[in-house]
Each structure stands twice: as structure tokens, then as C-alpha cells.
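Examination of the molecular architecture
The chain contents come next:
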Amino acid sequence: MSTLTTQTNAFNAYKQNSVTTASPGELTLMLYNGCLKFLNKAKQAIADKNIEARNYNIQRSQAIIGEFMSTLNMDIEISKQMLPLYEYMNRRLTEANVQNDPVIIEEVEGLVTEFRDTWKEVIKINRQQQYGSVGQI
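Residues numbered from 1 in each chain as written. Predicted model: local features only at pLDDT ≥ 70, side-chain atom pairs only at ≥ 80, totals over all residues. Heavy atoms only, no water.

The next point concerns the environment of Arg91. Of note, Arg91 is situated in helix 4 (residues 77–99). For Arg91, a relative accessible area of 45% corresponds to the partly exposed category. A sequence separation of 17 residues divides Arg91 from Val108, and the C-alpha atoms of the two residues are 10.0 Å apart. (Helix = DSSP H or I, 4+ residues; strand = E, 2+ residues; numbered from the N terminus. Buried < 20%, exposed > 50% of the residue type's maximum accessible area, 1.4 Å probe, protein only.)

We now examine unusual backbone geometry. As a rule of thumb, non-glycine residues mostly have phi less than zero, and peptide bonds are mostly trans rather than cis. Unlike most non-glycine residues, Lys49 shows phi in positive territory, near 60°. Tracing the backbone through its elements, the reader meets Lys49 in the loop between helix 2 (24–47) and helix 3 (51–70). For Asn100, which is not a glycine, the phi torsion comes out positive at approximately 55°. Tracing the sequence through the fold places Asn100 in the loop between helix 4 and helix 5 (102–131). What makes Asn100 partly exposed here is its relative accessible area of 35%.

Further remarks concern helix 3. For helix 3, which comprises 20 residues, the first-to-last C-alpha distance of 28 Å matches the rise-based estimate of 28 Å (1.5 Å per residue) to within 8%. Taken together, the buried positions of helix 3 are Arg54, Asn57, Ile58, Ser61, Gln62, Ile64, Ile65 and Phe68. Projected onto a plane normal to the axis of helix 3, the buried residues spread over an arc of 155° and lie on a single side. Opposite its buried face, helix 3 presents the exposed residues Glu52, Ala63 and Ser70, each directed more than 90 degrees away. In this structure, the buried residues of helix 3 make contact with helix 2, helix 4 and helix 5. Two to three positions downstream of the cap, the backbone nitrogen of Glu52 sits 3.3 Å from a side-chain oxygen, assigning the N-cap of helix 3 to Asn50. (Expected span 1.5 Å × (residues − 1). Arc of directions from axis to C-beta. Contact = heavy atoms within 4.5 Å. Polar contact = N/O pair within 3.5 Å; in protein donor to acceptor, adjacent residues only side chain to side chain.)

In this section: the packing of aromatic side chains. One pass over the full model with this rule turns up four aromatic pairs. Ring geometry for Tyr32 and Phe115: centres 6.3 Å apart, planes at 55°, overall tilted. Of this pair, Tyr32 sits in helix 2 while Phe115 sits in helix 5, and the two are 83 residues apart along the sequence. Neither Tyr32 nor Phe115 differs from the other in exposure class; each is buried. (Phe/Tyr/Trp six-rings, centres within 6.5 Å; stacked < 30°, edge-to-face > 60°.)

Remark: helix 2 packs on helix 3, axes separated minimally by 8 Å, with the N-to-C direction vectors making an angle of 155°. Compared by their axis directions, helix 2 and helix 3 come out roughly antiparallel. For the pair helix 2 and helix 3, the sense of crossing is left-handed. Between helix 2 and helix 3, the contacting residues are Thr28, Leu31, Tyr32, Gly34, Cys35, Phe38, Leu39, Lys41, Ala42, Ala45 and Ile46 on the first element and Ala53, Arg54, Asn57, Ile58, Arg60, Ser61, Ile64, Ile65 and Phe68 on the second. Looking at the contact of helix 2 with helix 3 residue by residue, the class counts come to 13 nonpolar, four polar and three charged. (Axes fitted to C-alpha atoms, helices over the stretch in contact; angles between N-to-C directions. Parallel < 35°, antiparallel > 145°, perpendicular 65-115°, else oblique. Left-handed = near helix turned anticlockwise from the far one by under 90°. Nonpolar A, V, L, I, M, F, W, Y, C, P; charged D, E, K, R; others polar.)

At a minimum axis distance of 9 Å, the contact between helix 4 and helix 5 shows a crossing angle of 155°. If you check the angle between helix 4 and helix 5, you find them roughly antiparallel. Of the two elements, helix 4 crosses helix 5, and the hand of that crossing is left-handed. From helix 4, Met82, Leu85, Tyr86, Tyr88, Met89, Arg92, Leu93, Glu95, Ala96 and Gln99 reach across to helix 5, where they touch Ile104, Ile105, Glu107, Val108, Leu111, Val112 and Phe115. Residue classes in the contact of helix 4 with helix 5 are distributed as 13 nonpolar, one polar and three charged.

Structure below.
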């Protein structure tokens, strides 16, 4: 087995372990980061004139946003406020895909980044309350 194969297998095992041992809050953070990664790849695909990659990465981003929408607890007021924002992002990504428009993707990136950064702060505050110290995210 080559060194590269061994390193790749070790990295994949690490990634799998980090997902299976993550808290629900950390998993949500991973999803936000994944969404941002796919949005960035979609913009690059537009620049490269790669329609298939653009479509694939936008759809991956939409799948993550769809997951966020489906897991909202509508008994909580903030969820009622977040749902229309997620719906808006999803709709804008459909428009970005149809119009081949990186500016729309950047708009959604900004919203996802705000959600992600807010979520990081929630995790930080929760850790402070739970453990009395700030953990790195």
C-alpha cells in the first residue's frame, strides 16, 4: 500500500470519527461549513464554465439547507423566523443555478456565513455555561 493511500485512509477514518463523536451543535456547524464549501465550489465551477459541477455543488448546498429546514422545531419562535430565510436561500440558489449567476451564490454565502458564525457563538456560550471555559471551535 502506498504512503498516499495510507494517508488518505487515515484522513478518512479521522473525518468519520470526528462526525460520529461530534455533538449535535458541532454537527450543525459542520453542515454550515459544508454548505459554504459547496457554494464556493459552485462559484468556481461557474468561473470554469463547468455546468455539471455548478449544478452538483448548488444541489449539495440546497440539500444541506433542506436538512436545516426539515429539522426546525416549529414550536420554538426562532424556528418560525429562520424557516423563511432558509426558503429564501433555497429559492435564490435555484435562481443562481438557472441563471448561472455567481453574485446570487455570494448573497447566499453571506447569509450562510452569518448563520454559521451565530451558531459558533451559541456553541461557545453553551460551553462556557457548561464547562466554565471557552473551547476552540
